[in-house]
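Single-letter residue listing:
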Amino acid sequence: MTVAAACAAVSWTVVTLPAQAAPDSTPSPSAPARPGDRGTAGPTTEVVAALQRDLGLTEQQAKDRLAQQANAIELDGQVRGKLGSSFGGSWFDPQTGRLVVGVTSEAGAGEATRLGAQPKVVARSYGALESIVADLDTLAGRAPAKAGSRAATGKPQAAVKGVSGWHIDPVTNTVVVSVVKDRFSPEAQDNLTKYGDAVRVEYLPAEPTTTANFIDGGDQIDGASCSAGFNLRNPSTGKGYLLTAGHCVSQNQTVTGQGGFTFGTVRSRWFPSFDDSLTEATNPGYWIQGPWIDTNPSNGGFINVSGYTDAPVGTYICKSGITTRLTCGNITGKDETVLFDGVNTVYGLTRHSACVEPGDSGGANYVPGGVNRAEGVTSGAVLYGATRRCGSAVGQPTISWYFPIADSLAYYGPAFGVSLW
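Criteria and cut-off values
- For every chain, the first residue of the written sequence is number 1, and numbering continues from 1 along that sequence.
- Reporting in this predicted model follows two pLDDT cut-offs: at least 70 for local features of residues, and 80 or more for side-chain atom pairs to be given and counted; totals over whole chains, interfaces and linings ignore these cut-offs and use all residues.
- Excluded from the side-chain calculations are hydrogens and water; all other atoms, namely the structure's heavy atoms, are used.
- UniProt positions are given in the numbering used here, feature names are shortened, and annotations may be inferred rather than shown by experiment.
- A pair of strands is labelled paired if DSSP reports no fewer than 2 bridges between them.
- Secondary structure counts use DSSP, requiring at least four H or I residues in a row for a helix and at least two E residues in a row for a strand, with both numbered from the N terminus.
- It only takes one pair of heavy atoms within 4.5 Å for two residues to be counted as in contact.
- Axes here refer to lines fitted to C-alpha atoms; in helices the fit is confined to the stretch in contact. Angles between the N-to-C directions go from 0 to 180 degrees.
- Buried means the residue's accessible area, taken with a 1.4 Å probe over protein chains only, is under 20% of the maximum for its type, while exposed means over 50%, and partly exposed covers the values in between.

- UniProt annotates the protein chain under Sequence similarities (unreviewed entry) with the comment "Belongs to the peptidase S1 family."

Here it is, written out as structure tokens:
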């Protein structure tokens, strides 16, 4: 298939690795039919089986929760605009099947209830937490950019030395700062004290790393190097494109697919700062594109994807990649800044708990259900041991990230006229 020493002023707690949402897009245009096309009548057998295996659900629980989270995602797109400055974050609670919304006022609680969400009064607004993230991003070298534009990362300052990342956790109404033990610099510790208990420290067992296999000069992207993300197209010109991770490719590289056959040329590539790329298909006579994700790469069944989401914390997602195939988990963080391998800073990542290992980079992440919605392309993970395994494979917490497709389409849509297939 185509392709984390304690300082008294900060709440230093080891976070139990258990995040905010955006709008659902309109459905994709009609696509070519394929033999055995399952359509969008409901979640596939493979997805339900993966949810049972990876999340410990029964078959009926998996189906029920997919239906519940579909309603929560739709509602999540409405609450932030309606609540304004009293908005304190939102997340999907799989135990109740409802969207929970943090609010800083009784009026906000009433509005959340009216909209159909479950309100929870919190101490800080989401905007206040975002300002802390913005401070840390600036210290990490993030350059100001207008909406829809991008700017490369500058040199990180000492105030974030030894820090592996940070994100807003709406469930605890704090900014979680991730560090690896023995790498947390005194400068970074001192800097965080000014935020008081609005910041919590999470200790990671290892440094985040991208999940591409090592690529040397001349190596191909096919095989076990990286994985394909989503097929895109320009409806006006008819040209096809492939969205995958930026760290998987280089500008103007010729990308190949399974069997070593040429797929196309990289037209735009971002890494670090962001982690996505756009490859133009130059061999359409060989590769047939459509709104498909392989459930057993590269020779398996498939599902259709229609439109995209930027779903809230707690939402179940699945990912497909060449190494670990189809795995599922739930979103545990949104808009996270991560320093991969201690040197490459990427902004806006979504954290989740589906198993990701080397070779899965670039692969498709999506919200499963009656209609499968694209979420983003795999970026990296915390890997364990010399064999670089995901947490669940060795009895540890699984920590993975993808770069949201909502951000990719906001950039590549205007620049190249592309949309989902």
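### So, the sheet that holds strand β11 (residues 262–270)
Okay, so step 1: Reading across the sheet, the six strands line up as β10-β11-β12-β9-β8-β21 and stay open at both edges, with antiparallel pairing between neighbours. Sheet topology places β10 (254–256) and β21 (419–420) at the edges, where each strand pairs with a single neighbour.
Okay, so step 2: Examined bridge by bridge, strand β9 (residues 240–244) and strand β12 (residues 276–281) share four bridges and lie antiparallel to one another. Opposite Leu-243, over in β12, you have Leu-278 as the bridge partner.
Okay, so step 3: Across the sheet, helix α6 (residues 405–416) lies against β8 (230–233), β9, β11, β12 and β21, angled at about 100 degrees from β11, the strand it touches most.

### A few points about unusual backbone geometry
Okay, so step 1: Note the cis peptide between Phe-271 and Pro-272, where omega equals 0 degrees.
Okay, so step 2: When you line up the elements, Pro-272 lands in the loop between β11 and β12.
Okay, so step 3: Phi at Ser-273 is positive, roughly 75 degrees, even though this residue is not glycine.
Okay, so step 4: Within the element layout of this structure, Ser-273 appears in the loop between β11 and β12.
Okay, so step 5: Taking relative accessible area as the criterion, Ser-273 reaches 1% and is therefore assigned buried.
Okay, so step 6: Positive phi outside glycine occurs at Asp-341, with the angle close to 55 degrees.
Okay, so step 7: Here Asp-341 is to be found in the loop between β16 (325–340) and β17 (344–352).
Okay, so step 8: By relative accessible area, Asp-341 is classed as partly exposed at 34%.

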